[in-house]
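Each chain, letter by letter, is given below.
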Number of protein chains: 2
Amino acid sequence: MKKYAVGADVGGTTVKLGLFTTEGDLLEKWEIPTRTEDGGKYIFPDIASSVKEVLEKKNLTFDDLEGVGLDVPGPVLPDGTVNRSVNIGWGVIKAADMMSEAMGGLRATVLNDANAAALGEMWKGAGKGNKDVCMITLGTGVGGGIIVDGKIVPGAFGAGGEIGHITINPNEKTRCNCGKYGCLEQYASGRGIAQVCERRLSETDEPSSLRNIKNPTAKEIYAEAGKGDKFASDLVDEISSMLAMVMSFVSGVTDPKVFVIGGGVSKNGPIVTERIEKFFKEYAFHASKDAKVVLAELGNDAGMYGAVKALL
Amino acid sequence: MKKYAVGADVGGTTVKLGLFTTEGDLLEKWEIPTRTEDGGKYIFPDIASSVKEVLEKKNLTFDDLEGVGLDVPGPVLPDGTVNRSVNIGWGVIKAADMMSEAMGGLRATVLNDANAAALGEMWKGAGKGNKDVCMITLGTGVGGGIIVDGKIVPGAFGAGGEIGHITINPNEKTRCNCGKYGCLEQYASGRGIAQVCERRLSETDEPSSLRNIKNPTAKEIYAEAGKGDKFASDLVDEISSMLAMVMSFVSGVTDPKVFVIGGGVSKNGPIVTERIEKFFKEYAFHASKDAKVVLAELGNDAGMYGAVKALL
C-alpha cells in the first residue's frame with residue numbers, strides 16, 4: 001500500500017479535492033471549478049493537473065499515490081461506469097477508466113456520492129467502529145447509503161440505498177421528481193420540510209412564530225421548534241416520524257447498528273437525531289430498537305473520505 | 001473440499017436431514033422427530049447418530065463430510081449462537097459448537113431458517129445465477145431473507161430480513177405477535193390472508209363464492225380468485241399490493257435483482273407472483289422496476305440447501 005491517496009468529490013459547481021494518507025488523515029483540501037461543458041470531458045484532465053500541482057509542492061508525484069477515488073451525483077455501476085450525471089454533464093461514461101487514463105494509468109474508482117458519504121462516515125466519522133451502517137443525507141433531496149459488513153450495497157440496478165424514494169405516504173397527490181407519489185424526499189428534504197410547513201400553515205389558524213417569517217426554511221423551522229413553538233415542534237415531530245418509519249423499514253431489511261444523519265438539515269443539531277430516535281424506538285422491531293441515531297461528523301468532506309476508502 | 005455435506009433443517013416437530021454432494025446434489029433425504037425436552041439438548045446427538053447410520057449404509061464416515069449445516073427457527077448470531085428458539089426448546093446456546101462436538105469435531109454452521117431458505121433458493125432454486133436476492137416466505141408467518149453479493153445479511157441485531165415485521169398499516173388496531181401494529185405478517189401470512197378475508201366479508205354484503213365456505217383459507221381464497229370471483233380477486237389484490245409495497249421498500253434499501261416468493265401461500269401458483277408483480281412495477285423506484293418476482297422452487301428442502309451452502 002502506498003502512503004497517499006486522493007479523494008475527489010465531483011459536484012455540479014466545484015470539485016472538492018483532498019490529499020489523504022492511506023491511514024485516512026486528510027492532509028490538504030482544495031477546490032477547482034467543475035467544467036461541465038462538452039459533456040464534462042475536461043473534468044478528468046482538470047483534476048489530474050490540479051493534483052499534480054499540489055503534489056509537486058510537496059515533492060510528490062503520481063507514483064506516490066495508491067490511487068484516486070471519485071464520487072459523483074448519479075448512479076454508478078460496479079465497473080466504474082457512471083450511468084448519467086445530469087449535474088456534471090456526463091452521459092453514460094466509463095469514468096473510472098477515463099480518470100485513470102488522465103493520470104497516467106493510476107488506479108481510479110468511482111462511487112455514487114451518497115454511498116461515498118456513508119463509507120466515509122463509517123471509516124472516519126460518526127459510524128466509526130461499525131460495519132453495518134445506514135447513512136441518510138437530508139439535503140436538497142434525501143440520499144441514502146447502506147453499508148453491510150463494511151461494504152457499500154450498490155444494488156442490482158444501482159439503486160441500493162435510494163431511501164429518499166421509499167414511499168411513506170401512498171395518499172400523496174403531488175408528484176415527486178422521480179415520478180412517484182409520497183416519497184420520503186417530498187417531506188424530509190430541506191425543501192420538503194419547507195413545503196410541509198407551508199401546507200400546514202395554510203390548513204390551520206394555529207398561532208406560531210413561523211407566521212412572522214416569510215416562507216420559513218427548514219433551518220428556521222427547527223430553530224423555532226427548539227425555542228418551544230408548538231406548531232413548529234409538531235411539524236418537526238411529523239417529519240421525524242416519517243424518517244423514523246422509513247428507518248424502521250431499513251432495519252427490517254439490513255438491520256444496521258447505526259444510522260448516521262447528515263446533510264444540511266442535520267446542521268440543526270441534536271434536536272434532529274433526538275426527535276427521530278424517539279419515533280424510531282416506537283416503530284422498530286424489538287430486536288433493532290437499540291440501533292443508534294447519530295449526527296454525521298465529516299460534513300462536506302465525507303464523500304472524499306469515502307472515495308479514498310473505496311480504493312483501499 | 002470434501003465430497004459430501006449434510007444439511008439439517010431443525011423444526012419444532014421434525015428435523016429434516018439431507019445428504020448432499022458439495023456440488024449441491026441432494027442424494028438422500030429423511031426425517032427424525034425433534035426431541036424438544038430438556039432444553040432441546042438431545043437434538044444434537046440425535047442428528048449425529050442418524051447421520052452416522054445413513055452414512056454407514058453408503059460406506060461413508062464423518063470424515064467424508066465437509067461439515068453439517070443447521071438451520072433453525074430463531075435469531076442466530078454470527079458466531080453460531082442461537083438466541084432462543086421457542087419452537088425447538090433452545091434458550092441461548094452455542095448451537096454450532098454443540099453440533100460440532102456431537103459429531104467428533106466436524107465443522108458445523110447454524111443459520112436462521114428464513115435466511116437458509118433464501119440462500120438455498122439462490123444456490124439451486126429460483127434465484128439461481130443471481131447474487132442479489134430477497135426471499136419472502138409466506139407461511140404461518142411472513143419470513144424474509146436478504147442476500148447481497150451472494151451473502152446473507154444477518155443484521156447487526158440478528159434481524160436482517162425481518163420483513164414480516166415491517167409496518168405496512170400504521171392505523172391497524174389489532175396487535176401483531178411481535179407487539180407492534182400493522183406488520184406485513186398480519187395481512188400476508190396464510191393466517192393473515194384468512195383474517196383479512198373474514199374482516200372484509202363482515203364489512204360488506206358484496207356477493208362472493210367465499211360466503212359459501214366456512215372460514216375460507218388462503219388456499220380457498222386464491223382458488224376462488226382464480227375462478228373469477230370478484231370479491232376474492234379484490235382481496236388477493238389488496239394482499240398483493242401490501243406485499244409489493246414492502247418489496248418496493250426492500251428495493252430502496254438493497255435493490256435485489258430477484259424476489260423469490262416461497263412458503264405455503266406460494267403453492268397457489270403463478271397468480272401469487274403475477275398479482276404481486278403488477279403492483280410492484282407501480283410502486284418501485286424506476287431503476288428497480290425490472291426486478292423479477294418468481295415462485296420458489298425448492299419447497300421444504302430450501303433450508304437444507306441453504307444450510308449446506310453456508311458451509312462452502
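Just so you know, these numbers come straight off a predicted model, no measurement behind them.

### Observations concerning the overall build of chain A
When helices and strands are tallied, chain A shows 10 helices and 12 strands. For 312 residues, the compact-globule formula gives about 20 Å, and the C-alpha radius of gyration of chain A, at 20 Å, lands near that figure. Taken along its principal axes, the extent of the C-alpha atoms in chain A is 65 × 45 × 35 Å. Put simply, chain A has 312 residues, and 54% of those count as buried.

### Overview of the environment of V272(A)
Residues and elements named next belong to chain A. Structurally, V272 is set in helix α9 (residues 270-283). By the C-beta count within 10 Å, which is 23 here, V272 ends up buried. Spatially, the C-alpha atoms of V272 and L295 are 8.2 Å apart, while their sequence positions differ by 23 residues. Among all residues touching V272, those that are not within four sequence positions of it are I261, V265, S266 and L295.

### Comments concerning unusual backbone geometry
Of note in this structure, N59(A) is not a glycine but carries a positive phi near 55°. Residue class for N59(A) comes out exposed when judged on the 7 C-beta atoms lying within 10 Å of it. One non-glycine residue with positive phi stands out, namely D149(B), at about 50°. By secondary structure assignment, the location of D149(B) is in the loop between β9 (142-148) and β10 (151-152). Classification of D149(B) as partly exposed rests on a count of 15 C-beta atoms within 10 Å.

### With respect to the relation of the copies chain B and chain A
The transformation that overlays chain B on chain A combines an axial shift of 0.0 Å with a rotation of 180°, and the residual RMSD is 0.0 Å. These values place the two chain copies in the arrangement generated by a two-fold rotation axis.

### What about the sheet that holds strand β7 (residues 108-112) of chain A?
All names here are of chain A. Strand order in this open sheet of five strands is β3-β2-β1-β4-β7, and the pairing throughout is mixed. Lying at the two open borders of the sheet, with one neighbouring strand each, are β3 (26-33) and β7. Taken pair by pair, the neighbouring strands of this sheet meet at an average axis angle of 20°, ignoring direction. Contacting β4 (65-72) and β7, helix α3 (residues 95-102) crosses the sheet at an angle of about 140° to β7. Packed on one face of the sheet, helix α4 (residues 113-124) meets β1 (4-10), β4 and β7 and runs near 100° to β7.

### Quick notes on the packing of helix α7 (residues 218-226) of chain B against helix α8 (residues 230-253) of chain B
Any two packed helices are characterised by the angle at which their axes cross and by the distance between the axes. Residue and element names in this part refer to chain B. Where α7 meets α8, the axes come as close as 7 Å, and the angle between the chain directions of the two elements is 115°. Like other packed secondary-structure pairs, α7 and α8 cross with a definite hand, here left-handed. Residues I221, Y222, E224 and A225 of α7 pack against A232, S233, L235 and V236 of α8. Here the residues of the contact of α7 with α8 are counted per class, giving six nonpolar, one polar and one charged.

### Points about the nonpolar core
If you look at the biggest cluster of nonpolar residues, it comprises 209 residues, and the most contacted ones within it are V246(A) and V246(B). Dropping the residues within four chain positions of it, V246(A) is found in contact with I163(A), I166(A), I168(A) and L184(A).

### Description of the sheet that holds strand β11 (residues 258-262) of chain A
Residues and elements named next belong to chain A. Strands sit in the order β10-β9-β8-β11-β12 across an open sheet of five strands; the sheet is mixed. Of all strands in the sheet, those with a lone pairing partner are β10 (151-152) and β12 (292-295), marking the two edges. With four bridges joining them, β11 and β12 adopt parallel strand pairing. When the sheet's bridge partners are listed, I261 is paired in β12 with L295. Each of β11 and β12 is contacted by α9, which is oriented at about 165° to β12, the strand it contacts most.

### Some remarks on the interface of chain B and chain A
With 35 residues of chain B in contact, the opposing surface of chain A contributes 35 residues. Of all the secondary structure elements, the ones that give two or more residues to the side of chain B that touches chain A are β9 and α8 of chain B. Across the side of chain B that touches chain A, the residue classes break down as 18 nonpolar, 13 polar and four charged.

### A look at helix α10 (residues 302-309) of chain A
Residues and elements named next belong to chain A. The element α10 is extensively covered by neighbouring structure, given that eight of its eight residues are classed as buried. Buried within α10 we find A302, G303, M304, Y305, G306, A307, V308 and K309. Against β1, β2 (14-21), β4, β7, α4 and β11 lie the buried residues of α10.

### Considering the domain arrangement of chain A
All names here are of chain A. When cut into domains, chain A gives domain 1 (4-118 + 301-309) and domain 2 (129-296). Taking only C-alpha atoms, the centre of domain 1 and the centre of domain 2 are 29 Å apart. Counting residues at the interface gives 11 residues for domain 1, matched by 13 residues for domain 2. Per-element tally for the side of domain 1 that touches domain 2: the top contributor is α4, with four residues. Split into classes, the residues belonging to the side of domain 1 that touches domain 2 amount to nine nonpolar, two polar and no charged.

### Notes on the pairing of strand β5 (residues 82-85) of chain B
Residues and elements named next belong to chain B. The pairing of β5 with strand β6 (residues 90-93) spans three bridges and is classified as antiparallel. Within β6, the position partnered with V82 by the bridge is I93. Connecting β5 to the antiparallel partner β6 that follows it, the hairpin turn spans four residues, and G89 within it adopts a positive phi of roughly 85°.

What counts and what doesn't
Residues numbered from 1 in each chain as written. Chains lettered and ligands numbered in written order. Predicted model: local features only at pLDDT ≥ 70, side-chain atom pairs only at ≥ 80, totals over all residues. Helix = DSSP H or I, 4+ residues; strand = E, 2+ residues; numbered from the N terminus. Rg over C-alpha atoms; globule rule 2.2 N^0.38 Å. Buried ≥ 20, exposed ≤ 12 C-beta atoms within 10 Å, placed from the backbone. Contact = placed C-beta atoms within 7 Å. Least-squares fit on C-alpha atoms with pLDDT ≥ 70 in both. Pairing = 2+ DSSP bridges. Axes fitted to C-alpha atoms, helices over the stretch in contact; angles between N-to-C directions. Left-handed = near helix turned anticlockwise from the far one by under 90°. Nonpolar A, V, L, I, M, F, W, Y, C, P; charged D, E, K, R; others polar. Core = buried A, V, L, I, M, F, W, Y, C linked by C-beta atoms within 7 Å. Domains from an automatic or database assignment.

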